[in-house]
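Coordinates in review
Now for the letters of each chain:
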Amino acid sequence: MKIKLIVLIHCWVRMGKGTAMPKLKTNKGAAKRFGKTKGGKIKRHKAYASHLLTSKSPKRKRSLRKSSIVKAVDSKNIKRLIPYA
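To start, this report covers the structure provided alongside it. Just so it is clear, the model here is predicted, and its values are computed rather than measured.

Some details on the sheet that holds strand β3 (residues 67-69)
Strand order in the open sheet made by the three strands is β1-β2-β3, with antiparallel pairing throughout. Of all the strands in the sheet, the pair left with one neighbour each is β1 (34-36) and β3. The mean angle between the axes of side-by-side strands here comes to 35°, regardless of whether they run parallel or antiparallel. Relative to strand β2 (residues 42-45), β1 is paired through three bridges, and the arrangement is antiparallel. Each residue of the ladder has a partner; that of Lys-36, found in β2, is Ile-42.

Some remarks on unusual backbone geometry
Phi angles above zero are rare outside glycine, and Tyr-48 is one such case at about 70°. Examined against the element boundaries, Tyr-48 turns out to sit in the loop between β2 and α3 (58-65). Tyr-48 sits in the exposed class, given a relative accessible area of 63%.

Considering the nonpolar core
Ala-30, Ile-42, Val-70, Ile-78 and Ile-82 form the largest nonpolar core, which has five residues in total. Non-local contacts of Ile-82, meaning those with residues more than four positions away in its chain, are made with Thr-26, Asn-27, Ala-30, Ala-31, Phe-34, Lys-36 and Ile-42.

Parameters at a glance
- Residues numbered from 1 in each chain as written.
- Predicted model: local features only at pLDDT ≥ 70, side-chain atom pairs only at ≥ 80, totals over all residues.
- Heavy atoms only, no water.
- Pairing = 2+ DSSP bridges.
- Helix = DSSP H or I, 4+ residues; strand = E, 2+ residues; numbered from the N terminus.
- Axes fitted to C-alpha atoms, helices over the stretch in contact; angles between N-to-C directions.
- Buried < 20%, exposed > 50% of the residue type's maximum accessible area, 1.4 Å probe, protein only.
- Core = buried A, V, L, I, M, F, W, Y, C linked by side-chain atoms within 4.5 Å.
- Contact = heavy atoms within 4.5 Å.

Below, the structure written as structure tokens:
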């Protein structure tokens, strides 16, 4: 089975069909934390909303529910981590 696969790959490359660019790997940790908007900006969730909520005001907890946009300085690096998002 392994030899057949190697021969098939070798034939595929010799026929000129293996010349496409390699696929980029998505960083799964970043993919779970960030998303893209329709305009191409990077969306993120706000921090400090998971525990110690009794000391935070209801207004602050409501604002922590909403997502926000990543700053332009950091968005270049994040776009590299999630190329197909």
